[in-house]
2 protein chains.
Amino acid sequence: MLTNFKKHIEENFSFLKGKKNLIACSGGVDSVVLTHLTKNLNLEIALAHCNFSLRGEESDGDEQFVTAVAEKLDIPIFTETFDTHKYADEQKVSTQMAARTLRYNWFEEVLSNFNYDYLLTAHHLDDDLETFFINLSRGTGLNGLTGIPKKNHKVVRPLLNFSREEIMNYAEANKLKWREDSTNQKTDYLRNKLRLEVIPYFKETNENILKNFKKTQDNLIASQNLIDDYISLVYKLVISKKSDSYHLNIQKLQELPHTDELLYELLKDFGFPEWNDVSNLLDAQTGKQVLSKTHRLLKNRDELILSEVVKNPKEEEYLVPEEGISAPIKLEINQSIAIGETEKNTIYLDAEKLNFPLKLRRWKKGDSFKPFGMSGSKKLSKFFKDEKLSATEKEKIWVLVDKNKVVWIVGKRMDDSYKVTDKTEKIVEITYVS
Amino acid sequence: MLTNFKKHIEENFSFLKGKKNLIACSGGVDSVVLTHLTKNLNLEIALAHCNFSLRGEESDGDEQFVTAVAEKLDIPIFTETFDTHKYADEQKVSTQMAARTLRYNWFEEVLSNFNYDYLLTAHHLDDDLETFFINLSRGTGLNGLTGIPKKNHKVVRPLLNFSREEIMNYAEANKLKWREDSTNQKTDYLRNKLRLEVIPYFKETNENILKNFKKTQDNLIASQNLIDDYISLVYKLVISKKSDSYHLNIQKLQELPHTDELLYELLKDFGFPEWNDVSNLLDAQTGKQVLSKTHRLLKNRDELILSEVVKNPKEEEYLVPEEGISAPIKLEINQSIAIGETEKNTIYLDAEKLNFPLKLRRWKKGDSFKPFGMSGSKKLSKFFKDEKLSATEKEKIWVLVDKNKVVWIVGKRMDDSYKVTDKTEKIVEITYVS
């Protein structure tokens, strides 16, 4: 195996040479073998071991064992002890998820504080096959079948080409010692069930099953690469970036075959909860929108506008197209042939003076406007004081702005500059439907 | 299930209405249920049953049973008896392959002779999951994981959305009778092993496994569709068709990312046995070529030329680029500064008179040329007679032609029109390396 591993590193991971590599070492057979193999190749390595305090003395025993391995091989070691149960309770996540987060955060710290270049983990081909089945069991797509990446930024997995059996054989042939980590096997029901009951029978169907699986996965990765290339091309064709938003040209997208599938590939990473809502937006009225936790997708005439949702509500901003919007508040915008009855919630403006799309946002200190019917300018803070608004009422105020100039304090008062005059040729009526 | 089936037909198979549908009916529960469901929907159906004579009385019993079903439901039935073992021996194929070929050939006949529009088969979702695992076990790619097509030309599979359990429940609830077909279960070791040992355990990992599998497969089909769209686009960009060959522009292909993967997608259907040979052709010398049973791929300067291998050797034709070719015979072509020693196997020609690529082909009746040193024209048949060539010798003769005009009877005599004269500015030397 050492020969194969050496060849594998030369061909696929030669970038590890001359770099400082940190090995995630639990003390299990996989990470112990990875430690010995990389040491044998004279790569510069150190070990990093997490003690999750989940199995009392057993956990401490693992830590002592890994420390002894490091001493024997004369390589540096970093260890850290976590109160995983406490963290899981605090963060309201599963123990497994807590361990995962703690582990990767700490690895990140060590990499950065001690100038290590790469983190090496001991995932192997059987892990990969198990993950394939886990994703298949839950329902997945091409991406869920292409496997754990060999390299993902700083995380490198040089054992992915090797089977559990090869690793075990190497450990036994070289009389290596390791610790049996019972945690994963006990807590991960699904992986365990696949490992012990499904995959062994599946392996009996073909003696080259792992080799064939490797080949299959390489083919699937090739397919994924082609899709990624195609999507880059489609992206250039249909999407244009403007300051803080992305504009998708609907007509151009619809001219391509499999529009829905393309839309999905373009937008899948933005976490929109109901895919049908996104897909329906293509044929929806202007002003309709779909929200995810992080992003907003707005239908605006012949385009979909993707923008980030700003976490701080004070910084929320919504584009308001000529046809109005339905969220976060409903504004109906129509052309009008005459000025109707002016109310708090309906205003009439000179269309020529407006540059759509307008923006809807919270008011800010420093905002000022020329109250309708007055000739002088007034700070909004002063206006609110005069109107005797409470702090809570002030917080709920929306302002409609045109290039950051206040057009309307929604439901309160419009700016005098936008009013209809004798020279007005086209009138716009905006109604706030509360 | 009848309600779901009706809805499924309305949504996805409404084209079956008003058409004549033939149901492949073995007498097993799947095809019996399909027969009853389609009959209940008042689709126009007939049954087609193959008796493969593989299980003696049991086979005949199946036939009698299906005939009785047809009579009871008052629908037409077609039956045919095959001597499958004899056919398998004659064709040197497995019994399973023989049965498959006989079945589909006969279905094709019935469809055509009795004007049936579609052949309906009773493949269901569990069959699909088994096929997924079979292909995975053997090693596959995206295409091997996207499942049996719902519709493939005239073959339609309306039960693919339903599980074995649903079909079984319908049969039992409606007190249907069927025959247990033991053949498949006994002969198809791999499918049987998966069905009985692997998949039952896999199903225990998630109660929605079949639903999730369906979802996964729909996602994979979407991915495959995007790849097909991309390949159509790349095809238009890099391939041009000329009379009887396809010319692939290497530079344009290499400007795209994942060149090898694209080349594979473009050429995967032509059966080239060694993919590396095809891939290496991109950087090979002009004249190198790769052959499959049906096609030839020739490197010619900055292009790969794909053409069909003509089965009739008399119609074989090979493009000969300026740099010569290595198969079917080796012709070295070089520029020469002077006329060297003329031999049977080496000729010198006036470059200006040649239009590359030339063609190499067998001689035909009617071919004539002006033998070197003579002023008159002569039929090749006459030339061969004068040279006293045997029939076998004549069969082995290659001629090099320029726009169908004979330049050289290879290894025998060149045409006088191409010879080097006082006016020749560039000399070409062609050597036949025998």
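The rules we used
Residues numbered from 1 in each chain as written. Chains lettered and ligands numbered in written order. Predicted model: local features only at pLDDT ≥ 70, side-chain atom pairs only at ≥ 80, totals over all residues. Heavy atoms only, no water. UniProt positions renumbered as here; feature names shortened; annotations may be inferred. Axes fitted to C-alpha atoms, helices over the stretch in contact; angles between N-to-C directions. Helix = DSSP H or I, 4+ residues; strand = E, 2+ residues; numbered from the N terminus. Left-handed = near helix turned anticlockwise from the far one by under 90°. Contact = heavy atoms within 4.5 Å. Nonpolar A, V, L, I, M, F, W, Y, C, P; charged D, E, K, R; others polar. Least-squares fit on C-alpha atoms with pLDDT ≥ 70 in both. Phe/Tyr/Trp six-rings, centres within 6.5 Å; stacked < 30°, edge-to-face > 60°. Buried < 20%, exposed > 50% of the residue type's maximum accessible area, 1.4 Å probe, protein only. Lys NZ or Arg CZ within 6 Å of the ring centre and 35° of its normal. Arc of directions from axis to C-beta. Pairing = 2+ DSSP bridges.

The name given to chain A in an unreviewed UniProt entry is tRNA(Ile)-lysidine synthase, with the source organism recorded as Aequorivita xiaoshiensis. In its Sequence similarities (unreviewed entry) section, the UniProt record describing chain A reads: "Belongs to the tRNA(Ile)-lysidine synthase family." As stated in UniProt under Subcellular location (unreviewed entry), the record for chain A gives "Cytoplasm".

> Even after reading the chapter, I still don't get the packing of helix H11 (residues 209–238) of chain A against helix H11 (residues 209–238) of chain B, so can you show me in this structure?
Between two packed helices, what matters for the description is the angle formed by their axes and the separation of those axes. Orientation of H11 of chain A relative to H11 of chain B, taken along the N-to-C sense of each, is 65°, at an axis distance of 9 Å. Regarding H11 of chain A and H11 of chain B, the two cross each other, and that crossing is left-handed. Contact residues: H11 of chain A offers Ser-223, Leu-226, Ile-227, Asp-229, Tyr-230, Ile-231 and Leu-233 of chain A, while H11 of chain B offers Ser-223, Leu-226, Ile-227, Asp-229, Tyr-230, Ile-231 and Leu-233 of chain B. Across the contact of H11 of chain A with H11 of chain B, the residue classes tally to 10 nonpolar, 2 polar and 2 charged.

> Would you mind going over the relation of the copies chain A and chain B with me for this structure?
Here chain A sits on chain B after a turn of 180° about the axis and a move of 0.1 Å along it, with an RMSD of 0.3 Å. Between the two chains, the operation in question is that of a two-fold axis. In this assembly the copies share their binding face: 100% of the residues contributing to the interface of chain A also contribute to that of chain B.

> Looking at this model, I keep getting lost on the packing of aromatic side chains. Mind explaining?
Any pair of aromatic rings gets described here by the distance separating the centres and the angle formed by the planes. By the definition in use, this model includes 39 aromatic pairs over all chains. Measuring from centroid to centroid gives 6.1 Å for Phe-5 of chain B and Phe-162 of chain B, while their planes differ by 50°, and the two rings are tilted. In this pair, Phe-5 of chain B sits in helix H1 (residues 2–12) while Phe-162 of chain B sits in the loop between strand S6 (155–156) and helix H8 (164–173), placing the two residues 157 residues apart along the sequence. By relative accessible area, Phe-162 of chain B is classed as buried at 4%. Centroid distance Phe-78 of chain B to Phe-114 of chain B: 4.7 Å. Interplanar angle 55°. Geometry classified as tilted. With Phe-78 of chain B in strand S3 (residues 77–81) and Phe-114 of chain B in the loop between helix H5 (95–113) and strand S4 (118–120), this pair connects stretches of sequence that are 36 residues apart. Its relative accessible area of 14% is what places Phe-78 of chain B among the buried residues. In this structure Phe-114 of chain B comes out as partly exposed when scored by relative accessible area, which is 41%. Taken together, the aromatic side chains of Phe-132, Phe-133, Phe-202 and Phe-213 of chain A together with Phe-132, Phe-133, Phe-202 and Phe-213 of chain B make up a single cluster linked through ring pairs. Above the plane of the ring of Tyr-116 of chain B lies Lys-20 of chain B, whose end atom (NZ or CZ) is 4.5 Å from the centre. Between the NZ or CZ atom of Arg-362 of chain B and the centre of the ring of Trp-398 of chain B, over which it lies, the distance is 3.7 Å.

> Would you take a moment to explain the environment of Tyr-87 of chain A for this structure?
Residues and elements named next belong to chain A. Mapped onto the elements of the fold, Tyr-87 is located in helix H4 (residues 84–91). The exposure class assigned to Tyr-87 is partly exposed, which follows from its relative accessible area of 21%. Through-space distance from the C-alpha of Tyr-87 to that of Asn-113 is 23 Å; in sequence the pair is 26 residues apart. Excluding residues that lie within four positions of it along the chain, Tyr-87 makes contacts with Ala-98, Thr-101 and Leu-102.

> Explain the side chain of Asp-62 of chain B here, please?
Looking at the element boundaries, Asp-62 of chain B is found in helix H3 (residues 57–73). If sequence neighbours within four positions are ignored, Asp-62 of chain B has contacts with Ser-26, His-49, Arg-55 and Arg-179 of chain B.

> Help me out: how do you make sense of helix H1 (residues 2–12) of chain A in this one?
In an α-helix, one turn spans 3.6 residues, which is why side chains three or four residues apart end up on the same side. Residue and element names in this part refer to chain A. Within H1 the residues assigned to the buried category are Phe-5, His-8 and Ile-9. Taken around the axis of H1, the buried residues stretch over an arc of 95°, which confines them to a single face. Exposed residues lying more than 90 degrees from the buried face of H1 are Thr-3, Lys-7 and Glu-11. On the buried face of H1, the contacting elements are helix H2 (29–40).

> Which parts of the structure should I look at to understand the sheet that holds strand S3 (residues 77–81) of chain A?
Whenever strands of a sheet pair, they do so through backbone hydrogen bonds, lying parallel or antiparallel. All names here are of chain A. Here 6 strands make up an open sheet; going across it, the order is S3-S2-S1-S4-S6-S5 and the pairing mixed. The open sheet has two edge strands, S3 and strand S5 (151–152), and neither has a second partner. For strand S1 (residues 20–24) and strand S2 (residues 44–51), the ladder comprises 5 bridges, and the chain directions are parallel. The residue bridging Leu-22 from the neighbouring strand is Ala-46, located in S2. Relative to S1, H2 is tilted by about 160°, and along the sheet it contacts S1, S2 and strand S4 (118–120).

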